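Spelled out, the chains give:
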Amino acid sequence: MSLTRRLFSAAAMTALLAVSACGGSDAPVEGQSSFERAGDRGLGSATAPVTMIEYASVACGHCATFHNEVWPMLESEYIETGKVRFVLREMITGPAQFAIAGFSLAHCVPEDRYYDMVDLLFQQQNAIFQAAQTQGSARSQYLAIARSMGMSEARFTECLSDETITQDILDSNDRAGAEGITGTPRFIFNGELLDSRRAPGESAYTYFLGNQQLLIDGEPVPNFSDAETFRRILDHLVAENSSESDAAAAAPAEAGDE
């Protein structure tokens, strides 16, 4: 069976599967922030003032735009500096066969290379789609990506045929849907969903965090997904949550002095 047909068959299984409960506890484990759950793959300090969770698909065009245009800034200015803890949760949006194939490859590299593979898949997304359209299959493109990450062709074939990996990806997608995530990319900051809608009496779409309109310096934040907008949001949240952490840390000492 061809790669494309096999992956279409795997994607079609979703119609037959009930939402799967994750085994074990959902509580974060050592090395994770309090906003994560067991099984999450995180980047950055677990004690960062902000935990950013993204629901994404490597076959989602808007997700690729975010990662190609915003991710470099996010990684260098916030994750590597200890300001933000980042987690990606997998969903199957965009062409299902490409989402499953890409995430399968990400599952098959060493754990510390997971985000390197995801980053490469976003960079190569257009090339993958183009190969599928012009050649009738994206297998050669995926194989080139796998080889660039040190994977043999035998391991590549084994990876894409691994039903356990496919099921893990399907389970992640089902769980996201059960949690009310209906599209990608979607972002959660310290447990609160970043959403875009119109405030009462306003015509423009602006960002809301949880149930509150996000205000920075007293002004609503327009619904843009560029690097500068996310820099403003992150600077605001890092400052806000760093102040809260400092206050909480100081409280016991102050109480003891009385």
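Going by the structure above, here's the rest.
Nothing here was measured: the structure is a model prediction, and the numbers come from that model.

> Let's hear about empty space enclosed by the protein: which residues, and what values?
Scanning the entire structure with this criterion turns up two cavities of 30 Å³ or more. Put simply, the largest cavity is a space of about 50 Å³. Lining the largest cavity are Val58, Ala59, Phe98, Gly102, Leu121, Gln125, Ile128, Phe129 and Tyr142. Sorting the residues of the lining of the largest cavity by element identifies α4 (96–108) and α6 (125–135) as the ones contributing at least two each. The dominant element in the lining of the largest cavity, judged by the number of residues it contributes, is α6, at three residues.

> With reference to specific residues and values, describe helix α5 (residues 114–123).
Of all 10 residues making up α5, seven are buried, and the element is well covered by its neighbours. Buried within α5 we find Tyr114, Tyr115, Met117, Val118, Leu120, Leu121 and Phe122. Here the buried face of α5 lies against β1 (42–43), α2 (61–69), β3 (84–90), α4, α6 and α7 (139–148).

> So what's going on with the nonpolar core? Residues and values would help.
Membership of the largest hydrophobic core comes to 62 residues, with the highest contact counts inside it found for Met52, Leu74, Phe189 and Phe230. Tallying contributions element by element places α4 first for this core, with eight residues. Excluding anything up to four places from it in sequence, Met52 contacts Phe66, Leu74, Val84, Arg85, Phe86, Val87, Phe187, Ile188, Phe189, Phe230 and Leu234.

What counts as what
- Residues numbered from 1 in each chain as written.
- Predicted model: local features only at pLDDT ≥ 70, side-chain atom pairs only at ≥ 80, totals over all residues.
- Heavy atoms only, no water.
- 1 Å grid on protein atoms, 1.4 Å probe; cavity = no way out; pocket = protein on both sides within 12 Å on 5 of 7 lines; lining within 4 Å.
- Points joined across faces, edges and corners; volume = space filled by probe spheres on them.
- Helix = DSSP H or I, 4+ residues; strand = E, 2+ residues; numbered from the N terminus.
- Buried < 20%, exposed > 50% of the residue type's maximum accessible area, 1.4 Å probe, protein only.
- Contact = heavy atoms within 4.5 Å.
- Core = buried A, V, L, I, M, F, W, Y, C linked by side-chain atoms within 4.5 Å.

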